[in-house]
Amino acid sequence: MNRVVNFSAGPGALPLPVLEQVQAELLDWHGAGMSVMEMSHRGKEFMSIAAQAEADLRALMKIPDSYKVLFMQGGATAQFGLIPMNLLGDKTGADYVVTGDWGKKAAKEAAKYCKVNVAASSAEDKFTHIPDRAGWQLDPAAAYVHITPNETIHGVEFPGDPDVGGVPLVADMSSNIISRPVDVSRYGLIYAGAQKNIGPAGLTLVIVREDLLGRASATTPGVFDYKAVADGESMLNTPPCFAWYVAGLVFKWALDQGGLDVIAQRNAAKAKLLYDYIDANAFYRNPVKPEHRSRMNVPFTLANPELDADFLKGAAAAGLSGLKGHRSVGGMRASIYNAMPESGVRALIDYMQEFARTRG
Ligand SMILES: *Cc1c(COP(=O)(O)O)cnc(C)c1O
């Protein structure tokens, strides 16, 4: 076996101890005589797996009791439409702060269902900073304010949890959930596709304040009505059982690491190593305003883009995988989620150093 250092943006690397536990339990989960993939979602074994995963996530993120945790399907992309369907109620519009391609996509999909007010956007500087809160043009009549706390493609991240007053704040945390402590009480709703920091694709987490439930439009599909999902404990139909189980192991792993304070410190240290190296070397460049740089996704360009293909080829030969930048921005991108050890970041820096020395 020869595992690579995996910088993939998503699906991304999972903690090795989690994968090893999945492997050990695969054929016979805790004496059930079958794998988690093969058992009834209504049986006592899976019910215990599901409940433990939720309890561990609640402990990890310190989720208040007044919030429901929903284990859904359809990815973050489905939520782009489900959010207005579920949260508009008798309102007609919503505010969107657009800080990258994912926020742009969320706003575009929402525009099918409501009047979208782009309260702020950093499109004019190619999404390389988070617009100052003071300049946001919020609509006091908006049903909610939508933000993307970490833009996976552009590598920009909100430095904290913004204050939007009494209007519910909705956040797409697909690429930075459980990477640092978050004050959940500041949000009306948090959602995330699982495949970056949580587990296998196919599972979508929704953390929603209870008072926002019960507003779904009449045409919302039943399995996507947050209140119905909450009342049915995310088992209205067959849930993504295996992904839910693996996510539970990841939550347990994160708690075993010491929780989100410890994980946040590690993530900050890993990101600092890489940005410091990029900033100190003229051959590499990251365009994002330093205080808004993502701790999860680090895009960078080479001084000579004609060397991109060689850089990637050499990286692959050195066991460094998934570094190609998103097609919309080009260059490279190192995604350094929770499961990426500091040694992986150091291996990347060593490679970058050698490449710049010999080819720069
Ligand atoms: C990956 C990603 C998405 C898309 O997630 P899917 O689960 O594939 O729909 C949306 N938003 C952000 C911030 C992402 O990183």
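Residues numbered from 1 in each chain as written. Predicted model: local features only at pLDDT ≥ 70, side-chain atom pairs only at ≥ 80, totals over all residues. Heavy atoms only, no water.

Chemist: So what exactly am I meant to see when it comes to the site of the ligand here?
Modeler: In the vicinity of the ligand, 13 residues are found, and the nearest of them are Thr77, Thr152, Asp172, Gln195 and Lys196. A distance of 3.1 Å is found between an oxygen atom of the ligand and a backbone nitrogen or oxygen belonging to alanine 76. When the ligand sits alone it has 390 Å² of accessible area, and the protein chains cover 87% of it. In terms of residue count, helix H3 (residues 75-87) provides more of the shell around the ligand than any other element does, 4 residues in total. (Near = heavy atom within 4 Å. Polar contact = N/O pair within 3.5 Å; in protein donor to acceptor, adjacent residues only side chain to side chain. Areas by Shrake-Rupley, 256 points an atom, 1.4 Å probe, with all protein chains shown as cover. Helix = DSSP H or I, 4+ residues; strand = E, 2+ residues; numbered from the N terminus.)

Chemist: Got a minute to help me understand the pattern of salt bridges in this structure?
Modeler: It is possible for side chains bearing opposite charge to pair when their charged atoms get close. The full count for this structure, using the stated rule, is 16 salt bridges. The partner of glutamate 109 in a salt bridge is lysine 112, and the shortest N-O contact between them spans 3.0 Å. Between arginine 357 and glutamate 354 there is a salt bridge whose closest N-O contact spans 2.8 Å. One end of the pair is arginine 357 and the other is glutamate 354, both in helix H9 (residues 342-359) and 3 residues apart, which spans about a single turn. According to the relative accessible area criterion, arginine 357 is exposed, its value standing at 61%. (Salt bridge = Lys/Arg side-chain N within 4 Å of Asp/Glu carboxyl O. Buried < 20%, exposed > 50% of the residue type's maximum accessible area, 1.4 Å probe, protein only.)

Chemist: What am I meant to see in the environment of glycine 188 here?
Modeler: Along the polypeptide, glycine 188 turns up in the loop between strand S8 (169-172) and strand S9 (189-193). Looking at glycine 188, the relative accessible area reads 0%, which means it is buried. The sequence separation of glycine 188 and aspartate 211 amounts to 23 residues, and the corresponding C-alpha distance is 8.9 Å. In this structure, glycine 188 is in contact with Tyr67, Pro168, Leu169, Ile207, Val208, Arg209 and Leu212, ignoring residues within four places of it in sequence. (Contact = heavy atoms within 4.5 Å.)

Everything listed here is a matter of coordinates, which is why it stays silent on function.
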